[in-house]
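Read off the chains here:
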Amino acid sequence: METVLHRYVGKFDGLSEPAYIITNSERSSYSCPRFWALEYVQSMDSGEKSKTLSYGIIVHQLLEYFLASAKDEDRILSLDEMIDIHRKTTPDLLEKEFDGNVDEEFQNHCMDNIGRSLIGWRNNWLDIWSKWMVIGVELDVYAPIKNADGSNYREQIPCIEMTIDGEVYTRPARQGEMKADANGDVDLMLSPEEIELLQKAGKLEVKTIEMPVYIAGRIDVLLRNREEPKELAVLDHKTTSALWKYEKQAPFDIQLPTYAYLVERGANLGDMGDLSGCKVTTVMYDLLHSKIPSPKPLKSGKLSTRSSCPSWVLEAKIAELDL
C-alpha cells in the first residue's frame, strides 16, 4: 500500500508501511475543531480564490526560482536579472493561478508591489548569503511522531478500503459518512468521484487500521553555515501587510521548530549531502510586505520624514523628485 497526500504526491514512497500523515498546515487548524473537520476530514472547499493567498503563492514561486540559482551557482541574482524574470514570469503565474481570469487591478498591484519588494528582498538576502549557503529549496520532508520512549506513535484509524482491478485504495473515513443498520450493513456517503470508483470496485470494506502517525511539511529554504558546516538554518517566506506581527508571535511559533525537527529526523533529504551530526541552530522568517506604502509629496513638494514606507522606496522617490 502506498501512502499518498494530495500536496505531496509521490513523496512518501520510502515508508516501510502505510502511515497516517498530518501536515503542519493541518495542525495549525486544530485550535478550531470544526474548521479542521470541515476542511481536512470532510474535504470541503469554498471554491473561491483568496487574492491574499494567491499573492503569496506567486511570490513563493518567484523566490523559488531566484533561490534555485543561489543553490546551483552560489550567487544572488542581480536586481536587473530579478526584475527581468519577474516581468516575464509573473503574468504567466497569474494566468495559471486564476485560470486565465485575472483581475486587471490585482495584476497591476502584483507587478508593481513585487517589483518594489525585490529591491529590499535582495538587499536582505545579500546579508544572509554572506553567512549562509543555500543547500535546499522547497523541500518536502516528513518524520514520525514519537512517544516518550522513542517508539513511533501509532493510532487506530477507521478507513474505507476499495479493491479495484486488484489495486487497493484506502483512505480515512470521514465524519458521519458511515451508517450501519441493525444487520451491520454499512451505508456510505461518497463523493461523485468515489461513486464512480465504487462501480468498478470488486470489493469494499470498512475497517480500522493501526498506523504510525507522521508529520509532513514543505521547507522553503535550508541553509548551511559557511564557517560552521554542521550548523543549519531553516527559512520560511511570508508575505504580509503587518510585518510586526511575526516579531510578536515568534516566541510562540510552532511551524519553524517543527521544520527543524523534520530536518534532523526526517526523510527526503538525500540530495542535501551528508547532514550527519548537523543541527538546526537558526530559524528565520523571510518577510515581504504585500502592500508597500508609497510616499506622497506634501503641498510644499517635499516628502514627509515620517513616512512608513521602506527606506529604498523613500530613496527612490527622493531621487525621482530630485530632492
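Above this text you will find the structure in question.
Residues numbered from 1 in each chain as written. Predicted model: local features only at pLDDT ≥ 70, side-chain atom pairs only at ≥ 80, totals over all residues. Heavy atoms only, no water.

1. Focus: the overall build of the protein chain
Put simply, the rule is: Helix and strand labels come from DSSP, where a helix needs a run of H or I of at least four residues and a strand needs a run of E of at least two; each type is numbered from the N terminus. When accessible area is computed with a 1.4 Å probe and restricted to protein chains, residues below 20% of their type maximum are described as buried, those above 50% as exposed, and intermediate ones as partly exposed. Every residue pair with non-hydrogen atoms within 4.5 Å of one another is taken to be in contact. Using a 1.4 Å probe, accessible areas were evaluated by the Shrake-Rupley method; residue-level cover was limited to the displayed protein chains.
Helix and strand counts for the protein chain come out as 9 helices and 9 strands. Burial analysis of the protein chain (323 residues in total) assigns 38% to the buried set. Looking at the protein chain alone, contacts between residues at least 24 apart form 70% of all its contacts between residues at least 6 apart. Taken as a whole, the protein chain presents about 19300 Å² of accessible surface, with 50% of it coming from carbon and sulfur.

2. Description of the layout of surface pockets
Quick reminder of the rule: Think of a 1 Å grid over just the protein atoms. A cavity is a set of points where a 1.4 Å probe fits yet cannot get out, a pocket is an open set with protein on both sides within 12 Å along at least five of seven lines, and lining residues have an atom within 4 Å of a point. Grid points are joined across faces, edges and corners, and a volume is the space filled by probe spheres set on the points. Residue type decides the class: Asp, Glu, Lys and Arg count as charged, Ala, Val, Leu, Ile, Met, Phe, Trp, Tyr, Cys and Pro as nonpolar, and the leftover types, Gly among them, as polar.
A volume near 250 Å³ is recorded for the second largest pocket. Lining the second largest pocket we find 14 residues, and of these Leu243, Leu287, Leu288, His289 and Trp312 sit closest to its centre. Elements supplying a minimum of two residues to the lining of the second largest pocket: helix 5 (104–131) and strand 9 (279–289). In terms of residue class, the lining of the second largest pocket is made up of 8 nonpolar, 5 polar and 1 charged.

3. Focus: the side chain of Glu26
Inclusion rule: Positive charges are assigned to Lys and Arg, negative charges to Asp and Glu, while His and the chain termini are left out of the count. Just to be clear on terms, a salt bridge is a Lys or Arg side-chain nitrogen sitting within 4 Å of an Asp or Glu carboxyl oxygen.
Tracing the backbone shows Glu26 in helix 1 (residues 24–27). Buried charge Glu26 goes without a salt bridge, the closest partner of opposite sign being Arg27 at 9.7 Å. Residue contacts for Glu26: discarding those within four places in its chain leaves Tyr20, Ile21, Trp36 and Tyr40.

4. Considering helix 3 (residues 51–73)
Stated formally: The span one expects for a helix is its residue count, reduced by one, times 1.5 Å.
Taking 1.5 Å of rise per residue, the 23 residues of helix 3 would be expected to cover 33 Å, and the 33 Å separating its terminal C-alpha atoms lies within 8% of that figure. Elements that come into contact with the buried residues of helix 3 comprise helix 4 (79–97), helix 5, strand 2 (132–144), strand 7 (203–225), strand 8 (231–240) and strand 9. Count one or two residues on from helix 3 and you reach Asp74, which has phi positive near 50°.

5. Some details on the pattern of salt bridges
Tallied over the full model, the rule gives 16 salt bridges. One salt bridge in this structure joins Arg218 and Asp140, with 2.5 Å as the shortest N-O distance. Of the two residues, Arg218 sits in strand 7 while Asp140 sits in strand 2, which places them 78 residues apart along the sequence. Residue Arg218 is classed as partly exposed on the basis of its relative accessible area, which comes to 21%. The class of Asp140 is buried, set by a relative accessible area of 9%.

6. Thoughts on unusual backbone geometry
A positive phi angle, near 50°, is found at Asp74, a position not held by glycine. Relative to the elements of secondary structure, Asp74 occurs in the loop between helix 3 and helix 4. Here Asp99, not a glycine, exhibits a phi torsion of approximately 50°, which is positive. Of note, Asp99 is situated in the loop between helix 4 and helix 5.

7. Focus: the packing of helix 4 against helix 5
The following threshold applies: Helix axes are fitted to C-alpha atoms over the stretch in contact, other axes to C-alpha atoms as well, and angles between N-to-C directions run from 0 to 180 degrees. Here is the rule for angles: anything less than 35 degrees is roughly parallel, anything more than 145 is roughly antiparallel, 65 through 115 is roughly perpendicular, and the remaining ranges are oblique. Put simply, a crossing is left-handed when the front helix is turned counterclockwise from the back one by less than a right angle, and right-handed when it is turned clockwise.
Relative to each other, helix 4 and helix 5 sit at 150°, their axes nearing to 10 Å. Taken together, the axis directions place helix 4 and helix 5 in an arrangement best described as roughly antiparallel. For the crossing formed where helix 4 meets helix 5, the hand is right-handed. Residue-level contacts link Leu79, Met82, Ile83, His86, Arg87, Thr90, Pro91 and Leu94 of helix 4 to Phe106, Gln107, Cys110, Met111, Ile114, Gly115, Leu118, Ile119, Trp121 and Arg122 of helix 5. Within the contact of helix 4 with helix 5, the residues separate by chemical class into 12 nonpolar, 4 polar and 2 charged.

8. Brief notes about the environment of Pro144
Tracing the chain through its elements places Pro144 in strand 2. Relative accessible area serves as the criterion here: at 12%, Pro144 is assigned to the buried category. Note: C-alpha distance between Pro144 and Gly266 (122 residues apart in sequence) is 7.7 Å.

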